[in-house]
Structures are given as structure tokens and as C-alpha cells.
Amino acid sequence: MATVELRFSAQPEHVRTARLVAAAVARRAGVDEAVLDEVRLAVGEACSRAVGLHRSNGVPAPIRVVLTEEEKSFSIEVGDEVPGAGVAAADAAGVPGARGSAPAEEFDDADGEDSMGLAVISGLVDDVEVRAGEHGGVIRMSWPTNPAIAMP
């Protein structure tokens, strides 16, 4: 099981780098070429969401992205450090958002964007899980891989 971990400060300009790294590692792991755009978009949405949460809540910690190649799948976890013990939002697909600790006025427009981002991720990725807890949240996404066929 090979793992790549990426950490970046909560700045929107770093999301593009995370997308590029995710696509490169996914390609190397054997994710189908036709799915790489979906990987890029999903990672971009998840990282943008984490950046927004950190910036809105004044969290100075970096965003964490863990890319893991397993035997028959490739997974990406995007983690934030915004406490979500008071999870208050849910999107149309029932995926919870982690907004519990911030003042409501900061999220007048952000709650809609948050739900939209989670809905986009759910539409792009068949296997997605969103967790929120006292120490932050994680969006875990995974895709099947095609094992390399050995040439005779």
C-alpha cells in the first residue's frame, strides 16, 4: 500500500496544486484515464471546501490530503481541522457538512456553497464518505483501479 501525503496552507491558490498531484498519483495507481477529470474535480471541490472552512473559522493549521494506492482501489482523504461536533448542515444527498463551531452569520452564503460542493462530490464519486468530529472533518473518496497487465 503506497501513500502520498500533501499538506498545504489554507490558501485558494494551493488547491490547483492538490488537484494536479491527485491526478498524477491516481494515474500512476491505475485509475482509468476516463475518470481522471472526475478525480481532479472532486479533489478540487473537497480542498476548496476545506480551505473555506479554515479561513472562515480562523484555523491556521494546514489542509491535509492523503492519497493511498491499495490493491484494487485508490483513495483520497481531504481533512480539515475545523471542529464539527455540532454538525448542522446536510445536503440533498444526506452527506453531512461540518460547520458547527462558526458563527451563523459567516455562513449565510457559505452553507449553500458547502452543500453544493458536497453534492458535486457525491455526483462525481460513487464511493464517498464525509466524517466530522471534535478535531475536524474528513472527506474520503475512492475509485477502482485497473491492475497493470504484464506483457509477455
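Residues numbered from 1 in each chain as written. Predicted model: local features only at pLDDT ≥ 70, side-chain atom pairs only at ≥ 80, totals over all residues. Heavy atoms only, no water.

1. Some thoughts on the confidence of the model for the protein chain
Should pLDDT be low for a region, the predicted coordinates there are not to be read in detail.
Argument step 1. Residues at a pLDDT of 70 or more form 76% of the protein chain, whose mean pLDDT is 81.
Argument step 2. Note on residues 85-110: pLDDT is under 50 here. Beyond four places in sequence and across chains, it has 46 contacts. (pLDDT = per-residue confidence, 0-100. Contact = heavy atoms within 4.5 Å.)

2. Considering the environment of Ala26
Argument step 1. The residue Ala26 is located in helix H1 (residues 15-29) in this model.
Argument step 2. Overall, the relative accessible area of 0% leaves Ala26 in the buried class.
Argument step 3. Ala26 sits 48 residues away from Phe74 along the chain, and the two C-alpha atoms are 6.8 Å apart.
Argument step 4. With near-sequence residues (within four places) excluded, Ala26 lies in contact with Val31, Leu36, Val39 and Phe74. (Helix = DSSP H or I, 4+ residues; strand = E, 2+ residues; numbered from the N terminus. Buried < 20%, exposed > 50% of the residue type's maximum accessible area, 1.4 Å probe, protein only.)

3. Quick notes on the pairing of strand E7 (residues 136-144)
Argument step 1. Of all nine residues that make up E7, eight are buried, and the element is covered over most of its length.
Argument step 2. Looking at chain direction, strand E3 (residues 73-79) and E7 are connected through seven bridges and run antiparallel. Among the inter-strand pairings, Phe74 is bridged to a residue of E7, identified as Trp143.
Argument step 3. Two elements, strand E6 (residues 127-133) and E7, share seven bridges in a ladder whose sense is antiparallel. Considered in E7, the bridge of Val128 is made with Met141.
Argument step 4. Between E6 and E7, which pair antiparallel in sequence order, lie two residues. (Pairing = 2+ DSSP bridges.)

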